[in-house]
Amino acid sequence: MIGRLTQRDPGEHHRVATPLELFIDLASVIAIAAAAGGLHHQIAEGHVLTGLTIFALGFFGVWWAWMNYTWFASAYDDGSVAFRLASFVFLTGSLVMSAGVTEFFDDRTLRLVVAGYVIMRLAMVYLWLAASRGDHSHSTTCRRYAFGIAIMQVYWILILIVFWSWTPLMIGLYGVGILGELTVPIWAERASMTPWHRHHMMERYGLLNIIVLGEALLATSVAFYAAMEHSGPTAELLWTGLSGCLIAYSLWWLYFSREDHLEHGGARRFFTWGYGHIFVFASGAALGAGFGVVIDHLTHHAHISATGAHLAVAIPAALYVAALWLVRDQFYFSGGQHLILPVSAVLCLVTPWLPGSLLWLAGILVVTAALRTHQARIAVGRRRQGASASATA
């Protein structure tokens, strides 16, 4: 029996993440940590391309399921028993998928990944059908979501049963599936935009960003511990830990700026912000993996050069900064301010070939955070002056 879920008010005051949403995030932490850990070990062993491929495929599933649930909950989390029970089914699937990510890295098999993903997505089919019964003004949108998600689960099950093997063909079929998944919300929302809550979504994305940056903090903690316990290059490990702190703090500062991320705009703006965050989240998780590789290199446990190890940190940092331009700054700034983050991203990519690579990277990001904060204050001031002038006129 399909229940009924009622619509939340998209203009509700003081809307914040619920304890259930935070519980769902806890399961996401496990899956993200599994993906980052697998990437760390693959790069440290010199299997860079394989590690990046598996990480990208696995991380997409974790992020995409989380994202769909989060936008849905913003619109239809009515606190009912039906919603809570379906959310627990979703959470169970997330835990299964977390185990599957580890299996994917170890054995190149997708059994648990697909099983966990399908469990999560079938829970979403139920939730969208329940929303279609309770929200008649958006029933077509809700049914489109349910139908599209269900069809994609049939696709994933079929390719797992019929076509699965670790080959370029399989990776290509996986890519087709990703495109299909990305298309479902675009098609569904054409009927009518679901009534999600703007500030709630900004908070939810910010909370997940804290989770992924936590991977970098964990790695820096390991660096400090290794510096105290290892008889090798203690000073280098200490500087690695310090650099990791500065890099993580700067990226946090760049993300959590005073101005809003999701200003009012059209569907293109919303989809760019919602979809584009995969690069923010994936690069944040990969940054922690990169620091793990640097630590392994310094303690002589990695089969990769110093430059390669530092690239494992610089590339995610650059991607994170560039992704922030994609989802926010390209819409917020104009003129020279528009180039702050792109220029910073390019400079980050140069640092692996410099002596004291991580310190240079940390310095660039600290300066970037300070410069962007200053320019944002100027932009806010100009907007307020313009608003005051318009009101006076």
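**Q** Sorry if this is basic, but what is going on with the packing of helix 2 (residues 48–76) against helix 7 (residues 198–229) here?
**A** Geometry of a packed helix pair, given as the angle between the helix axes and the separation of the axes. Where helix 2 meets helix 7, the closest approach of the two axes is 10 Å, and the angle between their N-to-C directions is 150°. One element, helix 2, and the other, helix 7, form an angle in the roughly antiparallel class. Judged by the sense of rotation from one axis to the other, the crossing of helix 2 with helix 7 is right-handed. Counting all contacts with helix 2, which are made through Trp66, Met67, Thr70, Trp71 and Ser74, the residues of helix 7 involved are His200, Met201, Arg204, Tyr205 and Leu208.

**Q** I keep staring at the pattern of salt bridges and nothing clicks. Help me out?
**A** Pairs can form between side chains of opposite charge whenever their charged atoms are close. The full count for this structure, using the stated rule, is seven salt bridges. With its nearest N and O atoms 3.1 Å apart, the salt bridge here joins Arg8 to Glu12. We classify Arg8 as buried; its relative accessible area is 18%. The shortest N-O distance in the salt bridge between Asp329 and Arg328 comes to 2.7 Å. Take Asp329: its relative accessible area is 1%, and that puts it in the buried class. Connected via shared salt-bridge partners are Glu21, Asp25 and Arg204.

**Q** What is the right way to read the packing of aromatic side chains from this model?
**A** Aromatic ring pairs: the centre-centre distance and the angle between the two ring planes describe each pair. Counting across every chain of the model gives 27 aromatic pairs. For the pair Tyr205 and Trp273, a centre-to-centre distance of 4.4 Å together with 35° between the ring planes defines the contact as tilted. Residue Tyr205 is found in helix 7, and its partner Trp273 is found in helix 9 (residues 267–298); the two are separated by 68 residues along the sequence. An aromatic cluster is built from Trp66, Trp71, Trp196, Tyr205, Phe270, Trp273 and Phe281, whose rings are joined through pairwise contacts.

**Q** Explain unusual backbone geometry to me, please; I cannot follow it from the model alone.
**A** Trans peptide bonds make up the majority, and among non-glycine residues the majority have a negative phi. Even without being a glycine, His14 presents a positive backbone phi close to 60°. Note on placement: His14 falls in the segment before helix 1 (19–44). Residue classification places His14 among the exposed residues on the basis of a relative accessible area of 78%. Despite not being glycine, His300 has its phi angle at roughly 65°, a positive value.

**Q** Explain helix 2 here, please?
**A** Residues lying three or four places apart along an α-helix face the same way, a consequence of the helix completing one turn every 3.6 residues. Compared with the 42 Å implied by 1.5 Å per residue over 29 residues, the 41 Å span of helix 2 between its first and last C-alpha is a close match. Of all 29 residues in helix 2, 24 are buried, a share of seventy percent or more.

**Q** Which parts of the structure should I look at to understand a nonpolar patch on the surface?
**A** A cluster of nonpolar side chains, namely Leu217, Phe224, Met228, Leu238, Trp239, Leu242, Leu246, Tyr249, Leu359 and Val366, defines an oily patch on the protein surface of about 890 Å² accessible area. Mapped by element, the contributors of at least two residues to the nonpolar patch are helix 7, helix 8 (234–255) and helix 12 (357–392). Mapping Leu359 onto the fold places it in helix 12.

Cut-offs used in this document
- Residues numbered from 1 in each chain as written.
- Predicted model: local features only at pLDDT ≥ 70, side-chain atom pairs only at ≥ 80, totals over all residues.
- Heavy atoms only, no water.
- Axes fitted to C-alpha atoms, helices over the stretch in contact; angles between N-to-C directions.
- Helix = DSSP H or I, 4+ residues; strand = E, 2+ residues; numbered from the N terminus.
- Parallel < 35°, antiparallel > 145°, perpendicular 65-115°, else oblique.
- Left-handed = near helix turned anticlockwise from the far one by under 90°.
- Contact = heavy atoms within 4.5 Å.
- Salt bridge = Lys/Arg side-chain N within 4 Å of Asp/Glu carboxyl O.
- Buried < 20%, exposed > 50% of the residue type's maximum accessible area, 1.4 Å probe, protein only.
- Phe/Tyr/Trp six-rings, centres within 6.5 Å; stacked < 30°, edge-to-face > 60°.
- Expected span 1.5 Å × (residues − 1).
- Patch = residues over 30% accessible without salt bridge, like charges linked within 9 Å, V, L, I, M, F, W, Y side chains within 5 Å.
- Areas by Shrake-Rupley, 256 points an atom, 1.4 Å probe, with all protein chains shown as cover.

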